Number of protein chains: 4
Amino acid sequence: MKITSENIQTVNQKRLTDAAAKHDALAADLELAGKDVAGILQKLTDYQVAIPSWALGAGGTRFGRFSMGGEPRSLEEKLDDVGVLHALTGSAGAVSLHIPWDIPTDPAGIREQADLLGVKFDAVNSNTFQDHDGQQSTYKYGSLSSNQKLARDEAIAHNLEVIKYGDQLGSKALTIWLADGASFPGQANFRKSFKNTQHSLAEIYDQLPVDWNMLIEYKPYEPYFYSTVIQDWGTSLMLAEGCGERAHTLVDLGHHLPNTNIEQIVATLLMRGRLGGFHFNDSKYGDDDLTCGSIKPYQLFLIFNELVYGMNNNTSGNPELAWMIDASHNVKDPLEDLIQSLEAILIAYAQALLVDHQQLAQAQEENDVALCQEILQSAYRTDVRPLLWKSRLMAGAAIDPLAAYRELKIRETLINDRGVNVSATGL
Amino acid sequence: MKITSENIQTVNQKRLTDAAAKHDALAADLELAGKDVAGILQKLTDYQVAIPSWALGAGGTRFGRFSMGGEPRSLEEKLDDVGVLHALTGSAGAVSLHIPWDIPTDPAGIREQADLLGVKFDAVNSNTFQDHDGQQSTYKYGSLSSNQKLARDEAIAHNLEVIKYGDQLGSKALTIWLADGASFPGQANFRKSFKNTQHSLAEIYDQLPVDWNMLIEYKPYEPYFYSTVIQDWGTSLMLAEGCGERAHTLVDLGHHLPNTNIEQIVATLLMRGRLGGFHFNDSKYGDDDLTCGSIKPYQLFLIFNELVYGMNNNTSGNPELAWMIDASHNVKDPLEDLIQSLEAILIAYAQALLVDHQQLAQAQEENDVALCQEILQSAYRTDVRPLLWKSRLMAGAAIDPLAAYRELKIRETLINDRGVNVSATGL
Amino acid sequence: MKITSENIQTVNQKRLTDAAAKHDALAADLELAGKDVAGILQKLTDYQVAIPSWALGAGGTRFGRFSMGGEPRSLEEKLDDVGVLHALTGSAGAVSLHIPWDIPTDPAGIREQADLLGVKFDAVNSNTFQDHDGQQSTYKYGSLSSNQKLARDEAIAHNLEVIKYGDQLGSKALTIWLADGASFPGQANFRKSFKNTQHSLAEIYDQLPVDWNMLIEYKPYEPYFYSTVIQDWGTSLMLAEGCGERAHTLVDLGHHLPNTNIEQIVATLLMRGRLGGFHFNDSKYGDDDLTCGSIKPYQLFLIFNELVYGMNNNTSGNPELAWMIDASHNVKDPLEDLIQSLEAILIAYAQALLVDHQQLAQAQEENDVALCQEILQSAYRTDVRPLLWKSRLMAGAAIDPLAAYRELKIRETLINDRGVNVSATGL
Amino acid sequence: MKITSENIQTVNQKRLTDAAAKHDALAADLELAGKDVAGILQKLTDYQVAIPSWALGAGGTRFGRFSMGGEPRSLEEKLDDVGVLHALTGSAGAVSLHIPWDIPTDPAGIREQADLLGVKFDAVNSNTFQDHDGQQSTYKYGSLSSNQKLARDEAIAHNLEVIKYGDQLGSKALTIWLADGASFPGQANFRKSFKNTQHSLAEIYDQLPVDWNMLIEYKPYEPYFYSTVIQDWGTSLMLAEGCGERAHTLVDLGHHLPNTNIEQIVATLLMRGRLGGFHFNDSKYGDDDLTCGSIKPYQLFLIFNELVYGMNNNTSGNPELAWMIDASHNVKDPLEDLIQSLEAILIAYAQALLVDHQQLAQAQEENDVALCQEILQSAYRTDVRPLLWKSRLMAGAAIDPLAAYRELKIRETLINDRGVNVSATGL
């Protein structure tokens with residue numbers, strides 16, 4: 001289904017007056033405090049987050065999966081769903097494909113469809129945590145890190161194939177989440193696993209198109225439960241630097257041990273010029289893949305604070321970051337979940353844009369710790385939702401995307417079109 | 001030093017117009033949404049949090065302590081500092097004493113001083129994690145749980161003495177944080193430690209004045225690092241129920257293992273009628289004792305959401321809760337730190353008061369998970385600071401307590417009066 | 001396939017001399033130290049652990065599953081596999097069924113088959129974390145705790161059906177792992193969920209055969225990632241005590257927050273008379289379901305130390321414990337994995353039997369902490385494997401079950417019999 | 001007090017026969033299995049662990065300290081205590097000083113005393129987590145990372161002074177544990193803190209004697225509770241590599257987030273040629289500083305397994321590792337505690353020396369995960385204590401050091417000599 005600008009206008013109509021009034025009041029306050037509201041609105045409007053193709057169907061756990069009616073049955077339908085999100089929010093202008101779950105059989109057609117929806121192809125994702133049809137080796141004991149040359153070769157070939165698909169669609173980055181690891185002490189030789197991985201990545205990197213980046217994800221555990229080859233940012237950084245200038249680290253919010261200070265990692269990588277991408281989600285326990293901002297919204301703000309600072313002070317050559325939502329969900333409508341994630345991300349971004357970095361630097365210089373906290377929390381406590389309403393209006397999107405989604409009865413339409421008992425391809 | 005109402009008026013003067021305007025705008029919005037703003041303001045004004053006597057000097061860690069000038073040198077000066085906090089914030093109308101650090105040598109005089117400051121005596125705290133002067137046994141291997149009868153008896157006697165001091169001042173509750181535990185497997189017999197503790201608590205309980213409550217704190221680790229006798233709420237509840245109806249569990253936010261869902265514990269204890277008190281602080285790693293709301297403000301809101309719900313549905317006989325800030329601080333002025341804590345607590349409380357429980361109950365009934373989240377987050381995202389300004393004005397306190405503290409040069413005055421190189425009594 | 005006593009004798013033959021020599025040397029040492037070796041051997045021989053029917057096929061994660069050849073295709077074949085384990089180890093004399101994955105269509109036949117294999121039917125497990133065929137409601141938002149009466153009723157009926165199946169086979173306990181929970185703040189009303197659960201459990205309890213126990217498991221998170229209805233032992237205990245005397249708490253080693261002192265929980269429940277069952281596994285991060293003793297063998301020993309102490313001092317009416325291995329495995333042959341788990345469990349048990357509780361009690365009484373540690377570690381550091389060899393010989397099992405499994409080429413035979421591409425029923 | 005070889009012989013006398021018999025039986029078994037027992041014994045005898053000067057008195061927590069009689073009152077007495085440990089264990093042949101707690105006022109005399117005791121001076125430790133007498137700046141807000149040039153300069157000068165003291169005594173390494181960090185979001189600019197630290201370290205490194213190494217410790221939290229400048233191994237490695245070839249990372253077992261795979265970090269640093277030192281202790285929750293091997297002995301073994309492998313395959317230029325015990329203790333006699341730590345370390349080392357790396361490599365190559373586990377656990381389950389007895393006999397030390405310590409009534413003698421109410425200098 002497609003959302004038309006008339007649809008948008010209809011649902012916005014009744015909210016226009018109130019949104020304008022609240023925006024104007026907030027803008028007046030902010031301008032009084034010296035903020036460049038127009039500049040902030042522009043940044044909010046420009047900001048685009050990729051939707052991963054696997055997040056459009058109901059997620060599951062190892063204990064099962066409860067399907068949701070109207071799930072997309074093909075890449076084309078997935079793209080349509082991203083189009084819906086983008087039309088409503090104005091900030092979902094990219095999609096991130098996962099191969100082999102979403103191999104484009106008609107690349108030109110898909111590109112054309114995406115163009116019409118205003119959606120770009122962001123980083124493409126390879127998958128060597130499952131065996132593929134026709135594979136000769138198995139990834140059960142590792143892929144890029146495997147001690148079996150055949151498995152490594154097939155995993156390298158798969159990544160090169162993913163690049164090929166991405167290239168056809170206009171992607172400019174390959175994201176590698178290497179799930180390889182061990183579930184028992186003794187199972188793997190840490191050094192050999194690392195060296196195999198370094199060699200495999202270098203082979204892929206050597207064939208990366210010149211305008212592409214390689215993004216290397218890290219994760220402490222799961223699906224293996226004793227060790228993971230790329231267990232933390234330090235390991236990812238070593239591997240990236242071992243490959244070359246266009247290899248970078250990708251941070252997924254859910255891929256950290258309990259209590260990790262993630263914003264410091266973000267700042268460190270930005271300082272080093274090696275932060276390449278970011279996967280948004282939220283979690284209380286592990287890689288829970290919950291809606292962004294649903295558990296720790298203040299942490300999200302603190303991370304955005306570092307991202308904004310880092311982007312304003314990008315002296316060490318970080319690439320344009322690949323932003324993506326990597327959440328899964330088995331109790332909400334996935335499209336509603338993504339709308340809520342986008343809202344939380346933009347709120348955190350807007351709040352971070354309100355931080356007065358000059359004032360903060362001075363308070364830090366004077367070790368006025370209470371004031372430092374006040375500066376951050378004053379931005380965070382501001383209700384920035386009117387800025388989002390305004391920026392979405394500027395982008396031709398819905399003032400309140402979640403309400404619009406419901407008022408336009410989108411899920412009902414999708415169920416009508418696609419049926420109740422369908423399951424999205426992928427996990 | 002004392003803060004006069006003239007002092008308050010002076011610092012409030014320049015903020016009056018803006019505060020009124022912002023409050024009125026917010027109140028109008030909230031009333032449009034069906035909120036009882038007057039009722040909320042009254043609840044905010046009524047809400048009082050106890051300040052512990054040990055939080056008024058600079059805190060420290062096992063690696064040292066950096067003193068702050070102007071620390072209080074006596075119980076009277078500590079009370080003065082609470083008076084300053086209460087005059088500025090209108091919500092610090094209670095103090096919680098720690099024995100033996102703050103033994104009142106002139107109870108009548110202290111009570112009179114407190115009355116003048118509008119400060120009540122909340123729960124009194126015993127201390128058996130250190131040996132006391134003149135003690136015959138040692139608490140090195142335990143106090144109420146000790147396998148040495150003499151140590152248990154002295155610990156019981158100490159608690160009874162604490163009650164006596166509290167009674168002279170008008171306190172109505174005894175808080176027991178039992179630090180007893182073991183640092184090595186095998187050191188303690190879990191069962192015997194529990195039974196000794198149960199017997200010791202029962203002896204104290206038997207001599208509790210009839211209008212007093214006993215509050216039993218729990219904590220998973222520290223100062224012992226293998227096991228703690230009262231390691232969790234379940235253990236505390238068993239002990240409380242083993243004592244009698246006026247024994248309750250006290251929740252300290254910092255006393256939980258990583259990732260614990262504290263709000264669920266709060267709800268469970270409220271359901272059971274056994275939540276007796278609450279210690280506020282914040283933490284990222286362990287019992288970090290940081291400023292409330294400085295790390296996880298959303299968790300604080302979720303906890304208040306349960307507290308508000310529980311107080312509105314108190315069908316199982318919870319007593320009036322003893323609220324206290326239990327934070328320590330070695331990089332901020334402790335009074336500024338406490339002002340920031342009070343602010344964060346009141347913000348969370350105000351946000352929780354905005355939650356529409358009827359609407360929430362319906363969304364829960366319909367398993368509309370996305371809407372449930374929206375309802376909570378909509379309250380949380382509201383910038384409620386104007387409500388605090390108004391409620392403080394109503395209470396004759398400072399609109400912006402932290403700014404007032406600085407404008408009135410309180411720390412400078414304290415240093416002048418008390419000296420630079422002074423250390424508060426206690427830890 | 002069946003293992004005959006001839007098979008066992010064949011593989012034992014070459015190990016007999018060495019095993020006897022080592023056992024005799026160790027036994028002499030132990031007897032010199034005052035241990036009752038014969039008594040210990042008898043306890044080891046008597047000790048039986050249930051094998052869950054779902055652990056006999058390859059496990060998986062939410063990221064996929066790599067099958068293992070020769071997996072059992074029916075309940076009968078699962079029972080055969082338990083028979084193999086029991087023949088080899090002498091300590092796998094029970095099986096724990098999971099309904100609806102293993103509904104016995106021919107109860108009498110299954111019982112007879114089990115009798116021949118020397119295998120009993122331990123606790124039966126219900127499953128309400130997945131929707132069942134023909135179900136009218138959905139468990140997506142809860143089962144026994146659901147706010148939908150229909151879902152609760154169907155979940156209750158399912159548990160009653162599980163009891164019926166178990167009764168036909170001679171089981172004497174129902175294990176309820178209630179996965180119900182919420183993934184987002186606000187989704188559930190903690191109190192209502194608890195009360196619904198209490199009512200549902202009571203209904204089941206009321207129809208429990210008089211010689212049955214009900215075992216209530218707890219778990220902090222997964223498959224839901226914000227809250228779980230029965231999140232910890234305290235909640236489980238409240239529910240059990242709310243049901244009646246034959247309701248007990250079941251401890252699963254993997255169901256705890258990071259750093260939890262599990263042995264203290266075990267001791268507390270034994271003291272309370274409410275420990276009913278135990279699920280063995282090991283983990284480094286969460287509910288990893290790894291081979292017992294593969295990560296934290298000393299913790300396993302400390303837990304057994306409490307179990308032995310508790311069983312020797314069972315003054316509060318704990319039932320006979322239901323012991324079960326609850327491990328999953330995707331990189332090992334599941335049968336080999338279970339053999340390794342059994343070995344680790346028996347080693348921990350044997351070490352715990354070597355602890356001198358009288359000496360320990362005295363060292364505790366004297367607060368001789370270093371000596372307390374020595375007493376435990378001296379038992380733990382003893383190489384008790386010769387005791388296991390002897391006890392298995394006494395039971396007619398294999399001295400070295402893992403070696404025997406390989407020498408007898410059991411997996412090869414199973415693949416021959418059942419095929420390479422088969423998947424066990426269940427998860 | 002001094003331990004003479006006659007003392008040792010006296011206490012060994014009654015244990016000689018049994019120790020010899022058990023050693024010979026074990027040695028025979030091991031040789032049958034192809035182990036080079038003589039080589040293992042030599043390695044055990046050669047292995048020396050440094051005792052930190054601050055571990056000889058009773059430790060404390062932020063909640064207090066319970067003194068132990070007979071604590072050393074001077075550097076000379078601390079050295080005497082290390083001498084006692086070395087005489088008893090044969091493996092405490094080094095001491096690690098902490099400046100300014102243990103400034104040698106008579107370096108030549110101290111060296112001579114140490115020579116007589118057979119004790120070397122290992123890495124020296126600087127301290128910038130406390131302010132020093134005569135300091136002009138404060139380290140309250142940082143030292144090497146401070147935004148105040150004066151604080152950085154004084155911290156650098158302190159480190160250079162520490163080198164000077166160490167040089168006089170024959171030390172060859174400087175260990176820097178930089179406690180700098182922040183307790184609140186916003187307090188510090190992560191990037192500036194890192195860059196200041198890098199510059200400060202480079203200045204110290206530039207003046208490091210040519211035969212010295214610089215060891216850079218990391219720690220996630222404490223004494224600051226939001227962020228630490230050198231929060232993890234990745235940050236330490238970046239800083240070390242930014243200094244030069246003789247700067248290395250030091251791993252302290254207690255300085256990791258919950259569930260960290262430490263052995264993988266050790267392997268990674270060894271692969272990179274940047275592991276410089278190791279601080280032994282054990283912990284359940286945080287930096288608990290418990291006796292080595294008292295909580296997670298298997299983890300200690302797994303780490304030693306990597307250390308042995310790494311030292312046997314040192315192809316990337318790791319220096320000789322500085323081994324030190326960094327434990328604190330408030331419930332045991334510190335000397336007994338250190339004896340227990342040394343025992344646990346040597347047991348783990350001996351077990352690791354039993355691992356058949358060739359067999360393991362083959363099992364890994366074949367992805368025979370169950371066998372990999374068996375190989376490690378078979379070594380771990382071996383009771384290697386007889387090897388320690390033998391190696392200590394070879395070194396002229398006590399067969400059973402803890403028993404000897406008690407039989408020789410060493411604590412009683414120390415109390416007699418030094419008094420009951422003395423407190424070691426330092427923390």
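The structure presented is a predicted model; accordingly, all values stated were derived computationally and were not measured. (Residues numbered from 1 in each chain as written. Chains lettered and ligands numbered in written order. Predicted model: local features only at pLDDT ≥ 70, side-chain atom pairs only at ≥ 80, totals over all residues. Heavy atoms only, no water.)

**Student:** So what exactly am I meant to see when it comes to the relation of the copies chain B and chain D here?
**Tutor:** Both copies of the chain are tied together by a single rotation about an axis and a shift running along it. With an axial shift of 0.0 Å and an RMSD of 0.0 Å, the rotation relating chain B to chain D amounts to 180°. What the superposition gives is, in effect, a two-fold axis relating one chain to the other. No C-alpha of chain B approaches the rotation axis more nearly than that of Arg62(B), which lies at 2.2 Å. (Least-squares fit on C-alpha atoms with pLDDT ≥ 70 in both.)

**Student:** Teacher, can you tell me more about the relation of the copies chain D and chain A here?
**Tutor:** When chain D is fitted onto chain A, the two copies agree to an RMSD of 0.0 Å after a turn of 180° and an axial shift of 0.0 Å. In this assembly the copies share their binding face: 100% of the residues contributing to the interface of chain D also contribute to that of chain A. (Contact = heavy atoms within 4.5 Å.)

**Student:** I tried to follow the interface of chain D and chain A on my own but got confused; where do I start?
**Tutor:** Often, the extent of an interface is quoted as the loss of accessible area on bringing the components together. Contact with chain D, which involves 54 residues of that partner, is made by 54 residues of chain A. Counting each side, the surface lost to burial between chain D and chain A is near 4,900 Å², with a carbon and sulfur contribution of 54%. There are zero salt bridges connecting chain D and chain A. For the pair chain D and chain A, the number of links is 22 residue pairs in polar contact (both at pLDDT 80 or more). For the side of chain D that touches chain A, the elements supplying multiple residues, two or more each, are α7 (190–206), β10 (227–228), α8 (233–243), α9 (262–272), α10 (297–312), α12 (357–365) and α13 (369–381) of chain D. Take the side of chain D that touches chain A: its biggest share by element is eight residues, from α9(D). A per-class count over the side of chain D that touches chain A returns 25 nonpolar, 21 polar and eight charged. (Buried area = accessible area lost by both parts, 1.4 Å probe. Salt bridge = Lys/Arg side-chain N within 4 Å of Asp/Glu carboxyl O. Polar contact = N/O pair within 3.5 Å; in protein donor to acceptor, adjacent residues only side chain to side chain. Helix = DSSP H or I, 4+ residues; strand = E, 2+ residues; numbered from the N terminus. Nonpolar A, V, L, I, M, F, W, Y, C, P; charged D, E, K, R; others polar.)

**Student:** Help me understand the nonpolar core in this model?
**Tutor:** For soluble globular proteins, nonpolar side chains are generally found buried alongside one another. By size, the foremost hydrophobic cluster in this structure holds 522 residues, and its most contacted members are Phe280(A), Phe280(B), Phe280(C) and Phe280(D). Not counting residues within four places of it along the chain, the set of residues in contact with Phe280(D) comprises Tyr47(D), Val49(D), Leu253(D), Cys292(D), Leu300(D), Phe304(D), Trp323(D), Met324(D), Ile325(D), Asp326(D), Ala327(D) and Ile345(D). (Core = buried A, V, L, I, M, F, W, Y, C linked by side-chain atoms within 4.5 Å. Buried < 20%, exposed > 50% of the residue type's maximum accessible area, 1.4 Å probe, protein only.)

**Student:** Mind showing me how you'd approach the interface of chain B and chain D here?
**Tutor:** In this assembly, 44 residues from chain B lie in contact with 44 residues from chain D. With both sides pooled, the region where chain B packs onto chain D buries about 3,900 Å², and carbon together with sulfur makes up 66% of that total. Here chain B is connected to chain D by six salt bridges. Connecting chain B to chain D are eight residue pairs in polar contact (both at pLDDT 80 or more). For the side of chain B that touches chain D, the class distribution of residues is 22 nonpolar, 11 polar and 11 charged.

**Student:** Please clarify how helix α12 (residues 357–365) of chain A should be interpreted in this entry.
**Tutor:** In an α-helix, one full turn covers 3.6 residues, which means residues spaced three or four apart are oriented alike. Residues and elements named next belong to chain A. Residues of α12 that are buried: Leu 360, Ala 363 and Gln 364. Seen end-on, α12 carries its buried residues on one side only, within an arc spanning 100°. Where α12 is buried, its residues meet α13 (369–381). One side-chain oxygen of the residue at the start of α12 lies 3.1 Å from the amide nitrogen of Gln 358, identifying that residue as Asp 356. Looking one or two residues beyond α12, the residue adopting positive phi is Asn 367, at roughly 50°. (Arc of directions from axis to C-beta.)

**Student:** Explain helix α6 (residues 149–169) of chain C to me, please; I cannot follow it from the model alone.
**Tutor:** Residues and elements named next belong to chain C. Here α6 is 21 residues long and its end C-alpha atoms lie 31 Å apart, about the 30 Å a rise of 1.5 Å per residue gives. Of all the positions in α6, only Ala 151, Arg 152, Glu 154, Ala 155, Ile 156, His 158, Asn 159, Val 162, Ile 163, Tyr 165, Gly 166 and Leu 169 are classed as buried. On the buried face of α6, the contacting elements are α5 (107–117), β5 (120–121), β6 (124–125), β7 (173–176) and α7 (190–206). With its phi angle positive at about 100°, Gly 170 sits one or two positions after the end of α6. (Expected span 1.5 Å × (residues − 1).)

**Student:** What is the right way to read the packing of helix α11 (residues 334–353) of chain A against helix α13 (residues 369–381) of chain B from this model?
**Tutor:** Packed helices, taken two at a time, are described by the angle their axes make and the gap between the axes. One can describe the packing of α11(A) onto α13(B) by two numbers: an axis separation of 11 Å at closest approach and a directional angle of 15°. The angle between α11(A) and α13(B) places the two elements in the roughly parallel class. Along this stretch, α11(A) crosses α13(B), giving a crossing that reads as left-handed. Facing α11(A), whose interface residues are Glu336(A), Gln340(A), Glu343(A), Ala344(A) and Ile347(A), α13(B) presents Ala370(B), Gln373(B), Glu374(B) and Arg381(B). The residue inventory of the contact of α11(A) with α13(B), partitioned by class, reads three nonpolar, two polar and four charged. (Axes fitted to C-alpha atoms, helices over the stretch in contact; angles between N-to-C directions. Parallel < 35°, antiparallel > 145°, perpendicular 65-115°, else oblique. Left-handed = near helix turned anticlockwise from the far one by under 90°.)

**Student:** What should I look at first to understand the confidence of the model for chain A in this one?
**Tutor:** Close reading of the predicted structure is inappropriate where its pLDDT is low. Summarising the model, chain A shows a mean pLDDT of 95, and 99% of its residues fall at 70 or more. Of the two predicted TM-score estimates for the complex, the pTM is 0.98 and the ipTM is 0.97. (pLDDT = per-residue confidence, 0-100.)

**Student:** Is there a simple way to explain the packing of helix α6 (residues 149–169) of chain B against helix α7 (residues 190–206) of chain B in this structure?
**Tutor:** All names here are of chain B. Two numbers describe how α6 lies on α7: the axes approach to 10 Å, and their chain directions differ by 35°. The hand of the α6/α7 crossing is right-handed. Residue-level inspection shows Arg 152, Ile 156, Asn 159, Leu 160 and Ile 163 of α6 in contact with α7, the latter providing Asn 196, Ser 200, Glu 203 and Ile 204. Among the residues making up the contact of α6 with α7, the classes are represented as four nonpolar, three polar and two charged.

**Student:** For this particular structure, what's the right way to read the pairing of strand β9 (residues 213–217) of chain D?
**Tutor:** Both faces of the sheet carry side chains from a regular strand, because those side chains alternate between them. All names here are of chain D. The buried count for β9 comes to five of five residues, which makes it a mostly enclosed element. Side chains of β9 alternate between two faces, with Asn 213, Leu 215 and Glu 217 and Met 214 and Ile 216 buried alike. Relative to strand β11 (residues 247–252), β9 runs parallel, the two being bridged by four bridges. Paired with Glu 217 across the two strands is Leu 250, which belongs to β11. (Pairing = 2+ DSSP bridges.)

**Student:** Explain the pairing of β11(D) to me, please; I cannot follow it from the model alone.
**Tutor:** Residues and elements named next belong to chain D. The buried fraction of β11 amounts to six of the six residues, a majority that puts the element mostly inside the structure. Inspection of the sheet shows β11 paired to strand β12 (residues 275–280) by four bridges, in the parallel sense. Pairing of Thr 249 across the sheet is with Leu 275, part of β12. Traced from β11 through α9 to β12, the parallel crossover comes out right-handed. (Right-handed = clockwise from strand over helix to strand, strands pointing away.)

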